[in-house]
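Reading the structure
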Amino acid sequence: MLNYRNTNIVFFVLLALLLLLSFFVKVNWWLFLLLFVARFIVIITGSTQIPLNFFLKAYCNNPLEKEKKVALTFDDGPHEMTLLVLDVLKKYNAKATFFCIGKNVEKHPEILKKVISEGHIVGNHSYDHSRLFDFYRKDRLVEEIAKTDALIEKISGKKTNLFRPPFGVTNPSIKRALEVTKHHVIGWNIRSLDGIIKNEKLVFNRIKKLISPGGIVLLHDTSLQSVNALEQLLQFIEENKYKVVSLEELLDIKAYED
Ligand SMILES: [Zn+2]
């Protein structure tokens, strides 16, 4: 299995062999360089591709699900657009999970209250979603995650068990932090790219192409384009006899601490 531990084992074994070999014959320096570059590429790929489970176990779908069930997730709120997302979800009677950024919870507590009162699940998506998040040390990560948990708990009365890493990036510090905070890490296998593709039809077409039983869809509740893509998606789901279920049902996990 391709993970951090196995990558390091293979790397150090090959490095030792090359060093050993260099005692007997002249080993070209670029072979060493190649080995380091290969390790670097594998690690970068592993940290940016959450479904690889390279550093830690993340739930990205339910591969055993045979029925046409999918879960919807929204990142980066609460935001003014969350209200429109809630309206569309209500229209189709669909429940979703919102991975919230702590500082946005401080800005829009009333929106989070509405998310909860309409029966959706709330997860933790860091406090500040900083570009530097992946460079923080373990203790700072634990602090950030706990701060957002507390903000969510103040409004919902419950401590969330779900965490989604900003940008979907994982690394050894994040793994160690999550061993302390004990969250389930939630990834996705249907990335809408709604933050990058600036056309709702293309966003919807992309999801339509990727949708399959047990899938987890990643959207953002931060733009009108995502709201419109969601409406098209929910129509498609209805017409094609898919069913939107909660992450709890799809993955058989608990969203909140007892
Ligand atoms: Zn995010």
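What counts and how
Residues numbered from 1 in each chain as written. Predicted model: local features only at pLDDT ≥ 70, side-chain atom pairs only at ≥ 80, totals over all residues. Heavy atoms only, no water. Core = buried A, V, L, I, M, F, W, Y, C linked by side-chain atoms within 4.5 Å. Buried < 20%, exposed > 50% of the residue type's maximum accessible area, 1.4 Å probe, protein only. Helix = DSSP H or I, 4+ residues; strand = E, 2+ residues; numbered from the N terminus. Contact = heavy atoms within 4.5 Å. UniProt positions renumbered as here; feature names shortened; annotations may be inferred. Axes fitted to C-alpha atoms, helices over the stretch in contact; angles between N-to-C directions. Left-handed = near helix turned anticlockwise from the far one by under 90°. Nonpolar A, V, L, I, M, F, W, Y, C, P; charged D, E, K, R; others polar. Donors = N, O, S within 2.8 Å, 3.2 Å for Na, K, Ca; no water. Domains from an automatic or database assignment. Buried area = accessible area lost by both parts, 1.4 Å probe. Salt bridge = Lys/Arg side-chain N within 4 Å of Asp/Glu carboxyl O. Polar contact = N/O pair within 3.5 Å; in protein donor to acceptor, adjacent residues only side chain to side chain.

The name an unreviewed UniProt entry gives the protein chain is Peptidoglycan/xylan/chitin deacetylase, PgdA/CDA1 family, with Flavobacterium swingsii as the organism.

Here we take up the nonpolar core. The biggest cluster of nonpolar side chains holds 67 residues, and the ones touching the most others in it are L72, F74, L89, F98, L230, L233 and L234. The element that contributes the greatest number of residues to this core is helix α9 (residues 224–239), accounting for seven residues. Residues contacting L89, with those up to four places away along its chain left out, are L72, F74, A94, A96, F98, H120, L230 and L234. Listed in part, the six residues of the second largest apolar core include F11, L15, F32 and L35.

Now for the UniProt feature "transmembrane region" (unreviewed entry) in the protein chain. The UniProt record annotates "transmembrane region" (unreviewed entry) at residues 7–25. Within residues 7–25, the helical portion is 95% and the strand portion 0%, while the C-alpha atoms at the span's ends are 26 Å from each other.

Here we take up the packing of helix α5 (residues 109–117) against helix α6 (residues 138–156). Following both chains from N to C, one finds α5 and α6 inclined at 65°, their axes separated by 10 Å at the closest point. Considering only the axes of α5 and α6, their crossing is right-handed. Taking contact as the criterion, the partners of P109, L112, K113 and I116 in α5 are, on α6, I152, I155 and S156. In the contact of α5 with α6, the residues fall into five nonpolar, one polar and one charged.

By definition of the ideal shapes, a tetrahedral metal site with four donors has angles of 109.5 degrees and an octahedral site with six donors has angles of 90 or 180 degrees. Every protein donor of the zinc ion is listed here as D76 (OD), H125 (NE2) and H129 (NE2), and their distances to the metal cover 2.1 to 2.2 Å. Taken in chain order, the donor set of the zinc ion reads D-x48-H-x3-H. Comparing H125 with H129 shows no difference in burial state: the two are buried.

The next subject is unusual backbone geometry. Cis peptide bonds are those with omega within 30 degrees of zero, and the linkage from G77 to P78 qualifies with -5°. The residue D76 is not glycine, and still its phi comes out positive at about 85°. Relative to the helices and strands, D76 resides in strand β2 (residues 69–77). The exposure class assigned to D76 is buried, which follows from its relative accessible area of 17%. Even without glycine at this site, S126 takes up a positive phi of about 80°. As for its placement among the helices and strands, S126 is situated in the loop between β4 (121–124) and α6.

As a further point, take the UniProt feature "domain: NodB homology" (unreviewed entry) in the protein chain. As recorded in UniProt, the sites labelled "domain: NodB homology" (unreviewed entry) are residues 68–245. Structurally, residues 68–245 is divided into 47% helix and 18% strand, and its ends, taken at the C-alpha atoms, are 10 Å apart.

You'll often see interface size given as the accessible area lost when the parts meet. By the assigned domains, the protein chain splits into domain 1 (4–48) and domain 2 (58–251). Computed over C-alpha atoms, the centres of domain 1 and domain 2 are 37 Å apart. Contact residues are listed per partner, giving four residues for domain 1 and four residues for domain 2. Surface buried jointly by domain 1 and domain 2 totals about 270 Å² across both partners, of which 49% is contributed by carbon and sulfur atoms. The largest share of the area that domain 1 buries against domain 2 comes from Y4, S47 and T48, three residues that together contribute 94% of it. On inspection of domain 1 and its partner domain 2, the count reaches zero salt bridges. Joining domain 1 to domain 2, the criterion identifies one residue pair in polar contact (both at pLDDT 80 or more). Class assignment for the residues of the side of domain 1 that touches domain 2 results in one nonpolar, three polar and no charged.

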